[in-house]
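This is what each chain is made of:
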Amino acid sequence: MVNHQVDLPEVATTSRRHLLASLIAGTAAVAAAPLLAGRASASDGKAPRDPKDFPSLNEALKRERQMTATYAAAVAQASGDEKIALTLLHDHHEAYVDALKGYLGSDAIKSNEAALASGAGSFAQIASQMASLEDQTAAAHTDRLATLVGHDAATLVASIITMEARHAAALALVGGASPLAAAGA
């Protein structure tokens, strides 16, 4: 009988610095989202802003405000590299809030939202909890995406979904998930 052994590469442990590096890599896209959200495309013939999208976009805005409040609670309890990583994620969600408010203009709802979680515990526990919230938020935005009429609204929401999926994967790794589990496999 022939016995084949497959040697898998060793999986390096994921450090907080690795999390920071992966999150910083996506910052440029987040910074550009507000600029891209308000730009109308004259060549495709699609309406840049459709009032039918406003209720759905306001729901997305509400969720992003909740995520911002949740990260603010976690940042308040963190220190060192952990505080830096959580602040970066907080700032990403603030950028999503700004992009959605910029798109909606005077049609944006004005509200203060409560945090979805307390942000208490070890960094691994917080990261795991935040990864779950990022996944839930991305799924809710994906559902919204299917209902949007305007091209620019769909582009804006799609750009947010992409970044939140990256957040979820990075946080899941730091939270102790295997690379395959963090990737959703």
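Sequence order as written defines residue numbering, which begins from 1 separately in each chain. The predicted origin of the model limits local features to residues at a pLDDT of at least 70 and limits the giving and counting of side-chain atom pairs to 80 or more, whereas totals for whole chains, interfaces and linings rest on all residues. Calculation of side-chain values draws on the structure's entire complement of heavy atoms; hydrogens and water are dropped beforehand.

*Asks:* Explanation requested: the packing of aromatic side chains in the structure shown.
*Replies:* The geometry of two aromatic rings is summed up by the distance between their centres and the angle between their planes. Working definition: rings of Phe, Tyr and Trp (its six-membered ring) pair if their centres are within 6.5 Å, and the pair is stacked with planes under 30 degrees apart, edge-to-face with planes over 60 apart, and tilted otherwise. What the rule picks out here adds up to zero aromatic pairs. Throughout this description, the term charge over a ring refers to an Arg CZ or Lys NZ atom that lies within 6 Å of the ring centre and within 35 degrees of the ring normal. Over the ring of Tyr103 we find Arg49; its NZ or CZ atom is 5.5 Å from the centre of that ring.

*Asks:* Would you mind showing me how to read the pattern of salt bridges here?
*Replies:* Once the charged atoms of two side chains with opposite charge are near each other, the side chains can pair. Every case where a carboxyl oxygen of Asp or Glu lies within 4 Å of a side-chain nitrogen of Lys or Arg is listed as a salt bridge. Under the criterion given, the structure shown has one salt bridge. A salt bridge links Asp107 to Arg49; the nearest nitrogen and oxygen atoms lie 3.5 Å apart. In this pair, Asp107 is assigned in the loop between helix H4 (80-104) and helix H5 (123-145) and Arg49 in the loop between helix H2 (27-37) and helix H3 (54-77), connecting sequence segments 58 residues apart. The buried label goes to any residue with under 20% of its type's maximum accessible area, the exposed label to any with over 50%, and the partly exposed label to all in between, with areas taken from a 1.4 Å probe on protein chains only. Judged by its relative accessible area of 36%, Asp107 is partly exposed. Starting at the N terminus, helices and strands are each numbered in turn, a helix being any DSSP run of H or I of at least four residues and a strand any DSSP run of E of at least two.

*Asks:* I tried to follow the environment of Ala127 on my own but got confused; where do I start?
*Replies:* Along the chain, Ala127 falls in helix H5. The spacing of Ala127 and Leu86 is 41 residues in sequence and 9.0 Å in space, taken between C-alpha atoms. Residue contacts are counted whenever heavy atoms from the two residues lie within 4.5 Å of one another. Setting aside its immediate chain neighbours within four residues, Ala127 contacts Leu171, Val174 and Gly175.

*Asks:* What's the story with the packing of H5 against helix H6 (residues 151-174) in this structure? I'm lost.
*Replies:* Two quantities define a packed helix pair, namely the angle between the axes and the distance from one axis to the other. Geometry is summarised by axes, namely lines fitted to C-alpha atoms with helices restricted to the contacting stretch, and by angles between N-to-C directions that run from 0 to 180 degrees. Between H5 and H6, the shortest axis-to-axis distance is 8 Å and the interhelical angle comes to 155°. Here H5 lies roughly antiparallel to H6, going by the angle between them. Regarding H5 and H6, the two cross each other, and that crossing is left-handed. Residues that form the contact of H5 with H6 fall into these classes: 16 nonpolar, five polar and three charged. Oblique is the label for any angle not under 35 degrees, not over 145, and not in the 65 to 115 range, which are roughly parallel, roughly antiparallel and roughly perpendicular in turn. By definition, any crossing whose near helix is turned counterclockwise from its far helix by less than a right angle is left-handed, and any crossing with a clockwise turn is right-handed. All residues other than Ala, Val, Leu, Ile, Met, Phe, Trp, Tyr, Cys, Pro, Asp, Glu, Lys and Arg, Gly among them, are scored as polar; the first ten of these are nonpolar and the last four charged.

*Asks:* What am I meant to see in the environment of Ala85 here?
*Replies:* Assignment of secondary structure puts Ala85 in helix H4. By relative accessible area, which is 1% here, Ala85 ends up buried. Along the primary structure Ala85 and Val75 are separated by 10 residues, whereas in three dimensions their C-alpha atoms are 8.8 Å apart.

*Asks:* It is not clear to me how the packing of H3 against H6 should be interpreted in this structure. Could you clarify?
*Replies:* Two elements in contact, H3 and H6, have axes whose closest approach is 12 Å; the angle formed by their N-to-C orientations is 30°. Here H6 runs roughly parallel to H3, going by the angle between their axes. Considering only the axes of H3 and H6, their crossing is left-handed. Counting all contacts with H3, which are made through Leu57, Glu64 and Tyr71, the residues of H6 involved are Ala153, Val157, Ile160, Glu164 and Leu171. Of the residues that constitute the contact of H3 with H6, the class distribution is six nonpolar, no polar and two charged.

*Asks:* Which parts of the structure should I look at to understand the confidence of the model for the protein?
*Replies:* Do not read the fine detail of predicted coordinates wherever pLDDT is low. Values of pLDDT, which run from 0 to 100, indicate the predictor's confidence residue by residue. Per-residue confidence for the protein gives a mean pLDDT of 82, with 73% of residues at or over 70. Between the elements of the protein, mean pLDDT differs from a low of 48, seen in H2, to a high of 96, seen in H3. Low pLDDT, under 50, characterises residues 28-43; the stretch is placed with 19 contacts to residues that sit more than four places away or in other chains.

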